[in-house]
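Per-entry structural report
One letter stands for each residue in the lines below.
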Amino acid sequence: MTARSCGVVGMGASNCRHFLRFLLKTVLVFCCTCGLSVGSELSFVTCGSVIKLLNVKHNVRLHSHDVRYGSGSGQQSVTGVSAVEDSNSYWSIRGTSDASCTRGTAVKCGQAIRLTHVNTGRNLHSHYFASPLSSNQEVSAFGEEGEGDHLDEWTVQCGGSVWKREESVRFRHKSTDALLSVTGEQYGRPIHGQMEVHAMSTPSQHSLWKVMEGIFLKPSESPAGSRDYGHIHTEF
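First, a word on scope: everything that follows refers to the structure included in this document. (Residues numbered from 1 in each chain as written. Predicted model: local features only at pLDDT ≥ 70, side-chain atom pairs only at ≥ 80, totals over all residues. Heavy atoms only, no water.)

1. Structural notes on the pattern of salt bridges
Applying the stated criterion to the full structure yields seven salt bridges. As a salt-bridge pair, Arg 94 and Glu 147 come within 3.2 Å of each other at their nearest N and O atoms. Note that Arg 94 is positioned in strand 4 (residues 91-94) and Glu 147 in the loop between strand 7 (137-142) and strand 8 (154-157), a separation of 53 residues in sequence. Assessed through its relative accessible area of 21%, Arg 94 is described here as partly exposed. Classification of Glu 147 as partly exposed rests on a relative accessible area of 48%. A salt bridge links Glu 153 to Lys 174, with the nearest nitrogen and oxygen atoms 3.6 Å apart. Linking Glu 153 in the loop between strand 7 and strand 8 with Lys 174 in the loop between strand 9 (170-173) and strand 10 (179-181), this pair joins segments that are 21 residues apart in sequence. By relative accessible area, which is 5% here, Glu 153 ends up buried. (Salt bridge = Lys/Arg side-chain N within 4 Å of Asp/Glu carboxyl O. Helix = DSSP H or I, 4+ residues; strand = E, 2+ residues; numbered from the N terminus. Buried < 20%, exposed > 50% of the residue type's maximum accessible area, 1.4 Å probe, protein only.)

2. Observations concerning the layout of surface pockets
Put simply, the second largest pocket is a space of about 160 Å³. Taken together, the residues of the lining of the second largest pocket break down into six nonpolar, four polar and two charged. (1 Å grid on protein atoms, 1.4 Å probe; cavity = no way out; pocket = protein on both sides within 12 Å on 5 of 7 lines; lining within 4 Å. Points joined across faces, edges and corners; volume = space filled by probe spheres on them. Nonpolar A, V, L, I, M, F, W, Y, C, P; charged D, E, K, R; others polar.)

3. Remarks on unusual backbone geometry
Cis geometry marks the peptide bond from Arg 189 to Pro 190, where omega comes out at 5°. With respect to the helices and strands, the residue Pro 190 is situated in the loop between strand 10 and strand 11 (195-196). One non-glycine residue, Glu 145, lies in positive phi territory at about 55°. Structurally, Glu 145 can be placed in the loop between strand 7 and strand 8. Phi at Asp 177 is positive, roughly 70°, even though this residue is not glycine. Within the fold, Asp 177 resides in the loop between strand 9 and strand 10. For Asp 177, a relative accessible area of 47% corresponds to the partly exposed category.

4. As for the environment of Ile 215
Relative to the helices and strands, Ile 215 is located in strand 13 (residues 209-221). Looking at Ile 215, the relative accessible area reads 7%, which means it is buried. A C-alpha to C-alpha distance of 9.0 Å links Ile 215 and Gly 48, two positions 167 residues apart in sequence.

Given below as structure tokens:
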């Protein structure tokens with residue numbers, strides 16, 4: 001990323017990243033507060049989009065915050081929340097260190113992606129630590145400014161050629177082969193009522209997720225006929 005990409009003369013790359021994240025957070029908070037809802041013609045999920053994911057079985061959205069586990073890895077915790085409006089439930093769809101994910105292109109079934117928590121810049125992550133409540137495989141948020149390691153990679157499991165917005169999908173952790181899941185265990189303080197998110201080896205209703213609210217990027221034709229992946233569609 002360059003200063004030119006921010007459109008602000010004299011702004012360095014690091015400041016540019018912080019500035020763009022601030023703008024995105026501002027848009028998300030505004031739309032959550034105002035209850036903005038816009039229809040979409042897009043039927044599939046695209047790279048670069050910022051989304052909320054709902055666990056279909058337990059009706060909670062994938063969530064994180066700057067609260068660390070008191071056991072296991074001690075990394076940033078990942079939970080499930082029932083609140084619809086919480087801006088800490090937004091995740092950005094990104095490529096992996098080995099395979100890019102071009103903005104606006106459909107995410108393919110079987111494709112490996114990273115899910116980066118918008119408000120903290122850490123990636124959805126898993127490893128062989130035990131989760132605090134169920135002793136399943138811990139799921140955390142890891143890294144800085146969207147950069148972590150190979151344990152941040154998840155494979156999208158869906159039924160056709162691309163990830164469709166109306167379908168329920170699974171996310172299989174690439175390194176451990178476990179599935180992102182919720183089985184209903186609830187935390188006490190300081191995150192009272194939030195559900196544990198963990199990973200399990202066996203597919204079930206607990207590991208089904210569906211895209212809900214978000215900012216959806218789509219490819220569009222420029223006047224010259226070349227592809228332009230900068231168009232943003234919002235739906236909250």
